[in-house]
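Coordinate analysis (summary)
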Amino acid sequence: MRKMHSAVRLNQQIRERSRDAKLVLINLPSPPTKLTSLAAYSYMEYVDALTEGLDRLLLMRGSGREVITIFS
């Protein structure tokens, strides 16, 4: 329940601060470690609440590590 509240609140902040944006980029939250149907359903509900009302949206998922190349 607490996570859903944070998803709704974050969604409100994104919509307020990005109302004129042509595209909104969001880093996906980490998926559940236990692959149960309830965990998967809860995860999708969280992502749905996080992205509600955002028209142009790109969801990304990274490894959480910086990548430094020779061209950086």
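The structure contained in this document is the topic of the report that follows. Given the structure is predicted, the values throughout are model-derived calculations rather than measurements.

Here's the deal with helix 1 (residues 2-17)
Under the 1.5 Å per step criterion, the end-to-end length of helix 1 is 23 Å for 16 residues, consistent within 8% with the ideal 22 Å. Residues of helix 1 that are buried include every one of Ala7, Asn11 and Ile14, and no others. All buried residues of helix 1 lie within an arc of 65° about the axis, which places them on one face of the element. Those residues of helix 1 that are exposed and aimed more than 90 degrees away from the buried face are Arg2, His5 and Arg17.

Things to note about the layout of surface pockets
Its volume calculated, the largest pocket comes out at about 330 Å³. Contributing to the lining of the largest pocket are 13 residues, with Lys3, Ala39, Ser42, Tyr43 and Tyr46 lying nearest its centre. Contributing elements (two or more residues each) for the lining of the largest pocket: helix 1 and helix 2 (37-51). Counted by class, the lining of the largest pocket contains eight nonpolar, three polar and two charged residues.

Rules and cut-offs
- Residue indices follow the written sequence of each chain, beginning from 1 at its first position.
- Only residues with pLDDT of at least 70 are given local features in this predicted model, and only at 80 or more are side-chain atom pairs given and counted; all residues enter the totals for whole chains, interfaces and linings.
- Excluding hydrogens and water, the side-chain figures rest on all heavy atoms present in the structure.
- Note on conventions: DSSP H or I runs of at least 4 residues are helices, E runs of at least 2 residues are strands, and numbering of each starts at the N terminus.
- The length a helix should cover is 1.5 Å for every residue beyond the first.
- Note on classification: 1.4 Å probe, protein chains only; a residue is buried when its accessible area is under 20% of the maximum for its type, exposed when over 50%, partly exposed between these limits.
- Directions from the helix axis toward the C-beta atoms define the arc.
- Buriedness of a pocket was judged along seven lines, with at least five required to meet protein on both sides within 12 Å; pockets are open sets of points on a 1 Å grid over the protein atoms alone, cavities are sets where a 1.4 Å probe fits but cannot get out, and lining residues have an atom within 4 Å of a point.
- Grid points are joined across faces, edges and corners, and a volume is the space filled by probe spheres set on the points.
- Residue classes follow a fixed rule: Ala, Val, Leu, Ile, Met, Phe, Trp, Tyr, Cys and Pro count as nonpolar, while Asp, Glu, Lys and Arg count as charged, and any other residue, Gly among them, counts as polar.

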